[in-house]
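What the coordinates show
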Amino acid sequence: MRRYVFRRLAQATLVIVGVSLVVFFVIRLSGDPTFLLLSAEATEADRARFAHEEGFDRPLVVQYVEFVRRALHGDLGRSLRYRQPALPLVLERLPATAELALAALVISLLVAIPAGVISAVRRDTAYDNLTMLGALFGQSMPVFWLGIMLILIFSVRLELLPTSGRGGFDHLILPALTLGLYSTARVTRLVRAGMLDVIGQDYIRTAQAKGLPDRRVIVKHALRNTLIPVITIIGLELGTLLGGAVITETIFAWPGIGRLAVTAIFQRDYPLVQATVLVTALVFVLSNLLVDLLYGWLDPRIRYT
Amino acid sequence: MARPADPVHVAVALALADAARPAPRSRRGRFVSTLVRKRAGVIGLVIVLLNVVLALSAPVLSPHDPLDQDVARRLLPPAWLAGGGPEHLLGTDQLGRDILSRIIYGSRISLLIGLLSVVLSLPIGVGLGLLAGYFTGRLDDITMRIADVQLAFPFILLAITIAGVLGPSPRNVILILAVGGWVVYARLARGQALSLREKEFIEAARGLGGGSFRILFRHMLPNVISPIIVVGTFGVAQMILLESSLSFLGLGVQPPTPSWGGMLNDGRAYITVAWWLTTFPGAAIMLTVLGINFVGDWLRDLLDPRLQSV
Amino acid sequence: MINGRRLLGFFVLALCIAFAFGEALARDADIIISQKADVETFDPAQSNNTSTHNVTINVFDTLVRLSDDGRDFVGELAESWKLVDQTTWQFKLRRGVKFHNGEELNAAAVKFTFDTTMDPERKTRQRPTYVAFKEVRIDDPYTVSFITHKPYAIALTQIQYLMIVPPGYIKQVGWDEFGRKPVGSGAFKFKEWERDVRVVLEANDAYWKGKPKVRSVAFRAIPEDASRIAAVQRGEVDIIDAVPYDRIKELQGSPTVKISQRQGEQIYIGLDTLRVEPLKKREVRQALNYAVNVDALVKNLLLGYAVRLNGPMFPTTPGFDEKLPAYPFDPERAKRMLAQAGYPNGFDVEFAISPAFQGIAKGTEVGEAIAGQLARVGVRAKLNVQDSAAIFSSYSAKKLQMYLFAWKSSPEAGRHIETLLHSKTRGYYYQNPEADKLIDAYFSALDLKKRQEIGRELHAFLREDAPWIFLYQQMDLFGVRKNVTWEAKPDYLMRMREVAVTK
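Remember, it's a predicted structure, so these values are computed and weren't measured experimentally. (Residues numbered from 1 in each chain as written. Chains lettered and ligands numbered in written order. Predicted model: local features only at pLDDT ≥ 70, side-chain atom pairs only at ≥ 80, totals over all residues.)

**Some remarks on the overall build of chain A**
The criterion, for reference: Secondary structure counts use DSSP, requiring at least four H or I residues in a row for a helix and at least two E residues in a row for a strand, with both numbered from the N terminus. Counts of 20 or more other C-beta atoms within 10 Å of a residue's own C-beta define buried residues, counts of 12 or fewer define exposed ones, and intermediate counts define partly exposed ones; C-beta atoms are placed from the backbone. Residue pairs qualify as contacts under a 7 Å threshold applied to their C-beta atoms, which are placed from the backbone.
Each helix and strand in chain A was counted, giving 14 helices and zero strands. Counting from the amino terminus, helix and strand elements in chain A follow one another as α-α-α-α-α-α-α-α-α-α-α-α-α-α. Within chain A, the proportion of its 305 residues that are buried is 54%. For chain A, the proportion of contacts with a sequence separation of at least 24, taken over those separated by at least 6, is 73%.

Structure representation (C-alpha cells):
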C-alpha cells in the first residue's frame with residue numbers, strides 16, 4: 001500500500017511539472033500584457049522598454065529556466081497586475097472556493113442521492129421518467145441564466161436573500177444552488193445507474209430470496225455498494241467544482257480561484273496564471289489520489305500492488 | 001491483480017449502465033418496458049432528425065436571412081406578445097435580426113461542431129487508448145500521464161491559446177473541443193483493452209500467431225466499439241454545450257455567423273429586458289441535447305446483449 | 001445507516017464552516033460604491049485602472065484637479081502655479097497639510113513621489129504618463145517646479161493624476177506593505193481591504209479642506225452587470241458604474257435610483273494606412289466614413305447615449321470646432337468614391353473587435369452593425385473577435401487592418417492625437433509628416449489661444465486625411481440611490497468628500 005502511495009505521489013509530481021511546463025509556454029504564446037498594464041498613452045518605446053524590463057523579449061527557454069530556478073525556492077513570481085507575490089494571492093482565495101464548492105457538493109448530494117435511489121427503485125414509473133428528464137435539463141441549462149434568474153426572483157422580487165458577495169450563510173445559498181445544479185443532475189443519473197446495476201446482481205436476489213424486507217435490502221446492500229463509485233464521482237465533481245466555478249463566481253461576485261484564474265488568463269498575468277494553474281493542478285491530483293485511496297478502503301476486494 | 005479503478009472509466013461505465021438492468025420478470029413487464037424505452041428512443045430520433053432537416057434545408061425553411069440587420073427594429077418581442085408581429089415569430093435580437101431564422105441556421109453550426117469534434121477526437125482517443133491498454137507498460141504510463149496533464153490543465157487557457165495562435169473560426173473551435181475531448185475515449189478504450197487482453201479468445205488469437213495489430217483491429221476493436229459509440233453520442237451533446245461556454249469567453253464561433261451558444265451569450269446582457277434572446281436558443285440546445293441523449297439510451301439498449309458479455 | 005448519518009453530519013459541518021468563515025456583508029459604511037472591478041493596489045504609481053483610481057483618489061491628494069466643466073484646472077494641494085519659463089511649471093503648495101500618520105506634506109514629498117514614479121528600478125506602470133517631464137526641483141520647502149524636456153502645453157493634464165505619497169511612511173514599511181495598507185493625505189483614511197470582497201475607508205476629520213460629510217465609504221466589486229444593478233435596486237450599494245444603456249429606462253422609472261451621466265470614451269475605427277492597399281488611399285478612407293451611418297448607431301444601438309464626433313478630437317479638446325460637419329451618411333457617394341479610387345466591386349478587409357475592450361459599450365454589436373453597413377457599399381469586413389490582450393498584441397505587431405478601439409484619458413488635453421497619430425509615438429498604422437508638424441506645434445503652444453488656433457487646423461487636417469473612421473463619444477452612466485448626492489464628474493474620478501446621504 002505504501003509503495004502504491006509513493007508511486008502515485010511521484011507520478012503526481014511528474015504531472016504537475018508537466019502542467020507547469022505547458023502552461024508556461026502556452027500562456028506566453030497567446031499574447032502579452034504590455035498594453036493592458038501600461039497607461040493608454042504608452043508609446044512604442046514605452047512598450048519595448050517594459051517588455052525588456054520584464055524579460056518578455058528573452059528566449060522562452062531562458063525565461064523558463066529562470067522561472068524554475070526561482071520556483072524551487074518557493075518564489076512563484078509577482079503578479080504583473082497586482083504587484084504582489086503570486087502564490088499568496090492564489091492561496092488567500094482557497095477558503096472562499098472551498099466554501100462554495102463544499103456547499104454546492106452538499107446540496108447536490110442531498111438531492112441527488114435520494115432522487116437517484118428512489119428513481120432506481122421505481123424505475124420506468126412516471127417518477128423515474130420525470131427525474132431523468134429533470135436531470136437532463138439540469139445538465140444542459142446555462143449556468144448564467146439560472147444564476148441571474150435566482151437573483152431576480154429571490155433577491156430583487158422577493159427580497160429574501162442578498163444579491164451577491166461573500167458573507168454569512170444567506171450569501172451562500174444562491175451561488176451554491178447555481179453551481180450545484182449541474183452536479184446534482186449528473187450525480188442523480190449516476191446513482192440511479194449504479195443502483196440499477198447493483199440491484200440486478202445475485203447477492204441482492206439472494207437477500208430477497210432470504211425474505212428480508214425490500215427496503216432494507218435495497219438501502220443496506222445496494223446503496224452501500226453504489227457508494228463506492230459514487231465517491232469516485234464526488235472526487236471528480238469536486239475537481240470540476242473547484243476549478244470550473246467561473247460563471248457562478250462572476251455573477252455572484254464570489255472571491256474564488258476560478259474568477260481569479262480566468263481574469264489572470266485574460267490579462268496575460270503570466271506569474272499569476274502559473275500560480276493558479278499549479279495550485280489547481282495540485283488540488284486536482286491530490287483529490288484524485290484521495291479518492292482512489294478511499295475507494296480501496298471501502299471495497300475490500302481492491303488491492304493495490 | 002486488480003488495478004485501482006480509473007475514475008473517468010468508472011464514471012463512463014456507470015453512465016453506460018444507466019439502462020443496463022435485469023430483465024423484468026413477467027412477459028407483460030418486458031413488453032411494457034421495451035415499449036417505453038422505444039418511445040423515448042423514437043422521440044429522440046425524431047428530434048435529431050428534425051435538427052438535421054433544419055440544418056440541411058435552412059435556406060428553404062427560414063423566413064428571413066439570419067444576417068439581415070435592421071437596427072431600428074431591434075429587440076422586438078415574439079409574435080404573441082404586445083409589440084411583436086407575425087413577421088418575426090420569435091422576435092428579433094439586439095441588431096434586429098430574426099431569431100427564428102438564426103435558430104434554424106444555428107442548428108447547422110451546432111450540429112457540425114458537435115459531430116465533427118466527436119468524429120475527430122473519438123478515433124484518436126480510441127486508438128491511443130487501445131494501444132495503451134493492450135501494450136501496457138511504458139506506453140500506457142506515458143499516455144495516461146499526458147491525459148492527466150491535460151485534465152489538470154485549465155480548458156480556457158487551451159481555448160484562448162488555440163484561438164489566439166490559429167485564429168477563431170468554426171474549424172478551430174472544433175479543434176479546441178476535440179483536443180479537450182479525446183481523454184474520455186482514451187480512458188474508456190484503455191479500460192476495455194485492459195480487461196479484454198486477458199480473455200481467452202485473445203490468448204487464442206495470439207497462440208495462433210496473430211500479429212499485435214491484427215489482434216487489435218480484428219478482435220479488440222469490435223468489442224470496444226459499442227460502448228464507445230454510446231459515449232460518443234453523449235459526447236456530441238456535451239460538445240454542443242461546451243461551444244456555448246466558449247462563446248461566453250468570446251472564443252466561440254465568430255459573429256455574425258449564428259450559433260446557439262453565441263446567441264445565448266449575446267442575449268446575456270438582455271435577460272431582464274428581452275428574455276426571448278436567451279430563452280429560445282437555450283430551449284433549442286436543451287431539446288437537442290435531450291434528443292441526442294434519448295438516442296444514446298436507445299443505442300445502448302440495442303447493443304445491450306453485447307455489453308453484458310463484456 | 002452509514003449514509004444518512006454521514007450526510008447529515010456533512011451538512012451540519014458545512015453549515016458551521018459557512019457561518020465561521022463568512023461575516024455578514026451588511027451595510028458597513030455610510031456610502032457603498034460598487035464598480036465592475038476591485039482596486040488593484042494602493043500604490044498609485046502602479047495602476048492605470050480607473051476602478052483603482054476611484055478608490056485611491058479618496059486616500060491621496062493631487063496638486064490640481066479638473067474643474068467641473070472639464071476645461072480648466074483648480075488647485076488642490078497647490079495653492080497657485082505659474083509658468084516661469086517655457087519649460088518650467090512652478091507650484092506653490094498649501095501649508096499645514098499632513099498625511100494620515102502625521103507626516104508633513106511638502107515639496108520633498110512631491111519630489112519623492114515623482115522620482116519614485118520614474119525610477120527604472122520600480123518599473124511603475126504610470127511612468128509613460130510623465131515622460132514629458134525631465135525632473136521635479138525643490139525651490140523651497142513649499143515650492144516645487146516641474147521641468148519638461150521641451151515646451152509642453154498639457155503639463156497640467158498629466159500632473160492632475162499624480163497622487164502624492166508619504167516618503168517617511170514608505171521608507172519605514174516598504175512599497176509592498178504600502179500597496180496593501182496605504183497612508184495618504186486625502187479626505188479618507190484607509191481602514192481595511194479584503195481583496196475582491198470590500199475596501200473600507202473612514203473619514204479623515206483633520207482633512208485640510210474640511211472633514212467629509214460622511215463617516216465612511218466602502219467599495220465592493222461586482223463584475224456582472226445584472227448583479228450590480230440588482231444590488232443598487234435593493235439598496236445594498238449606493239452607487240454603481242457602467243450601467244448598460246438598455247437598463248436605463250427601467251432604472252429611470254425607479255422610485256429609489258437615479259441616473260448620473262458624463263462624457264466617456266471616444267470610439268473610433270483605426271485603419272491601416274500603411275500596408276493595406278485600398279486603405280492607403282485617402283479617397284477610400286473618406287468613402288468609408290460616408291458609408292457608416294453613425295447617427296443610426298447612436299440612436300438605435302446606443303439609445304442616444306453618445307455624441308457624434310466630426311473628427312478625432314473630443315468636444316472639450318482645444319481646437320475642436322463644432323461648426324465642422326461630421327461626414328454625412330451617404331452610401332451612394334461612398335460607392336462612387338470607391339469606384340473612382342479603383343474599387344468598383346469594393347474590397348475585403350479584416351475587422352478586429354474586442355467586446356470588453358476598455359469599457360466600450362456594446363462593442364460586438366457596434367462592430368457587427370458597422371460591418372453590415374460597410375457590406376452595403378461593397379466593403380466586405382470579416383469580423384475577428386479577440387480578447388483585449390490578443391487584440392493589443394496584434395495591434396503592436398502591426399497585424400491589424402481595421403480595428404474598433406476606444407480612447408479614454410484626458411479629453412481636455414488632446415493627448416490621444418499625439419499618442420495615436422504622431423509617427424514617433426507609435427506609428428503603427430499612420431505616418432504623415434505634415435500631421436507630425438502640426439501635432440508638434442499643437443503641443444508646444446503654451447498660449448491657450450494659439451493652441452486653439454493650431455488645434456482647429458490640426459482637427460480639420462485630420463478629418464480630411466481620415467486615418468480613422470470617426471464615430472462617437474459614448475456616455476458613462478451611473479446608478480445612484482436618490483438619497484445620495486453624488487454626481488459624475490468629467491475627470492473620471494469619484495471623489496467622496498462632498499457627498500452626503502440625506503434621509
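**Let's talk about helix α12 (residues 363-375) of chain C**
Residues and elements named next belong to chain C. Stated precisely, the cut-off is as follows: To estimate how far a helix should extend, the number of its residues minus one is multiplied by 1.5 Å.
Compared with an ideal rise of 1.5 Å per residue, which puts 13 residues at 18 Å, α12 spans 18 Å between its outermost C-alpha atoms and is within 8% of the ideal. Burial of α12 is extensive: twelve of the 13 residues sit out of reach of the surface. Of all the residues in α12, the buried ones are G363, T364, E365, V366, G367, E368, A369, I370, A371, G372, Q373 and L374. Those residues of α12 that are buried lie in contact with α9 (282-291), α10 (294-301), β14 (347-353), β15 (379-385) and β16 (402-407).

**Observations regarding unusual backbone geometry**
Cis geometry is adopted by the peptide bond preceding P256 of chain B, which originates at P255 of chain B and carries an omega value of 0 degrees. In this structure, P256 of chain B sits in the loop between α9 (212-248) and α10 (260-267). Even without a glycine there, the phi angle at L75 of chain B is positive, about 55 degrees. Secondary-structure assignment places L75 of chain B in the loop between α3 (58-61) and α4 (99-135). If you check the backbone angles, K398 of chain C has positive phi at about 60 degrees while not being a glycine.

**Here's the deal with the sheet that holds strand β5 (residues 88-93) of chain C**
All names here are of chain C. Note the following rule: Here the rule is simple: two strands pair whenever DSSP picks up at least two bridges between them. In this analysis an axis means a line fitted to C-alpha atoms, helices contributing only their contacting stretch, and an angle means the value between N-to-C directions, from 0 to 180 degrees.
Read across the sheet, four strands follow the order β4-β5-β7-β6 without closing on themselves; strand pairing throughout is antiparallel. Unpaired on one side and paired on the other, β4 (78-85) and β6 (133-140) mark the two borders of the sheet. Neighbouring strand axes in the sheet, compared pairwise and without regard to direction, differ in orientation by 20 degrees on average. By the bridge criterion, five bridges tie β5 to strand β7 (residues 143-148) in an arrangement that is antiparallel. Residue pairing for β7: K92 is matched across the bridge by T143. On top of the sheet, helix α3 (residues 107-118) reaches β5, β6 and β7; it is set at about 165 degrees to β6, its chief contact.

**Side note on the interface of chain C and chain A**
Note the following rule: Polarity classes work like this: nonpolar for Ala, Val, Leu, Ile, Met, Phe, Trp, Tyr, Cys and Pro, charged for Asp, Glu, Lys and Arg, and polar for all others, with Gly in that last group.
At the interface, 57 residues of chain C touch 56 residues of chain A. Counting only elements with at least two residues in the side of chain C that touches chain A, the list comes to α1 (2-21), α6 (175-180), β10 (216-221), α7 (225-233), α13 (388-396) and α14 (415-421) of chain C. At ten residues, the largest contribution of residues to the side of chain C that touches chain A is made by α1 of chain C. The class makeup of the residues in the side of chain C that touches chain A is 24 nonpolar, 17 polar and 16 charged.

**Considering the confidence of the model for chain A**
Our working rule: The quantity called pLDDT is the predictor's confidence in a given residue, expressed from 0 to 100.
On average, residues of chain A score 82 in pLDDT, and 84% of them are at 70 or above. Mean pLDDT in chain A bottoms out at helix α10 (residues 202-210) of chain A, which sits at 65, and peaks at helix α5 (residues 86-91) of chain A, which reaches 92.

**Things to note about the pairing of β10 of chain C**
Residues and elements named next belong to chain C. The buried fraction of β10 amounts to five of the six residues, a majority that puts the element mostly inside the structure. Strand direction decides the pairing type here: strand β1 (residues 31-35) and β10, joined by five bridges, are parallel. The partner of I32 across the bridge, within β10, is A218. Alignment of strand β9 (residues 198-203) against β10, held across four bridges, turns out to be antiparallel. Opposite L201, over in β10, you have V217 as the bridge partner.

**Observations concerning the environment of V349 of chain C**
Residue and element names in this part refer to chain C. Examined against the element boundaries, V349 turns out to sit in strand β14. The spatial distance from the C-alpha of V349 to the C-alpha of L400 is 9.8 Å, given a sequence separation of 51 residues. In this structure V349 touches V276, V379, A381, Q401 and M402, once residues within four positions along its chain are discounted.

**Describing the packing of α4 of chain B against helix α5 (residues 137-152) of chain B**
All names here are of chain B. Using the following cut-off: The cut-offs work like this: below 35 degrees is roughly parallel, past 145 is roughly antiparallel, 65 to 115 is roughly perpendicular, and the gaps in between are oblique. If you view the pair so one helix is near and one far, a crossing is left-handed when the near helix is turned anticlockwise from the far one by less than a right angle, and right-handed when it is turned clockwise.
α5 packs onto α4 with a crossing angle of 140 degrees between their chain directions and a minimal axis gap of 7 Å. If you check the angle between α4 and α5, you find them oblique. Considering how the two elements wind past one another, α4 and α5 form a crossing that is left-handed. When α4 is examined against α5, the residues L128, L131, A132, G133 and F135 are found in contact with a partner set consisting of G137, L139, D140, T143 and M144. Here the contact of α4 with α5 is composed, by residue class, of six nonpolar, three polar and one charged.

**Let's talk about the pairing of β16 of chain C**
All names here are of chain C. Within β16, six of the six residues are buried, leaving the element largely enclosed by the surrounding structure. Burial of the side chains of β16 extends over both faces: M402, L404 and A406 are buried on one face and Y403, F405 and W407 on the other. As paired elements, strand β12 (residues 257-271) and β16 share six bridges and run antiparallel to each other. What sits directly across from L271, in β16, is M402.

**Some points on the environment of L109 of chain A**
Residues and elements named next belong to chain A. Examined against the element boundaries, L109 turns out to sit in helix α6 (residues 94-121). Its 23 C-beta neighbours within 10 Å are what place L109 among the buried residues. Sequence separation between L109 and G180 is 71 residues, and the spatial gap between their C-alpha atoms is 9.2 Å.

**Concerning the confidence of the model for chain C**
All names here are of chain C. In this model, chain C carries an average pLDDT of 91, and 95% of its residues clear a pLDDT of 70 or more. For the stretch residues 18-24, pLDDT sits under 50, and the model shows 18 contacts to residues farther than four places along the chain or on other chains. In the model output, the complex is listed with pTM 0.86 alongside ipTM 0.84.

**A look at the packing of helix α15 (residues 433-444) of chain C against helix α16 (residues 448-465) of chain C**
All names here are of chain C. Two elements in contact, α15 and α16, have axes separated by 9 Å at closest approach and are oriented at 155 degrees. As summarised for this structure, α15 and α16 are arranged roughly antiparallel, according to the angle between their axes. The way α15 lies across α16 gives a crossing that is left-handed. Contacts from A435, L438, I439, A441 and Y442 of α15 reach α16 at R451, I454, G455, E457, L458, F461, L462 and D465. Of the residues contributing to the contact of α15 with α16, the split by class is nine nonpolar, one polar and three charged.

**Digging into α13 of chain C**
Since there are 3.6 residues in each turn of an α-helix, residues three or four apart along the chain are aligned in direction. Among the nine residues of α13 of chain C, eight are classified as buried, and the element is accordingly described as predominantly covered. Among all positions in α13 of chain C, only S388, A389, A390, I391, F392, S393, S394 and Y395 of chain C are buried. Looking at the packing, one finds that the buried side of α13 of chain C touches α2 (34-37) and α13 (257-266) of chain A, α6 (155-166) of chain B together with β14 and β16 of chain C.

**Structural notes on the environment of R262 of chain C**
Residues and elements named next belong to chain C. Following the sequence through the fold, R262 ends up in strand β12. The spatial distance from the C-alpha of R262 to the C-alpha of R198 is 26 Å, given a sequence separation of 64 residues. Not counting residues within four places of it along the chain, the set of residues in contact with R262 comprises M475, D476, A488, K489 and P490.

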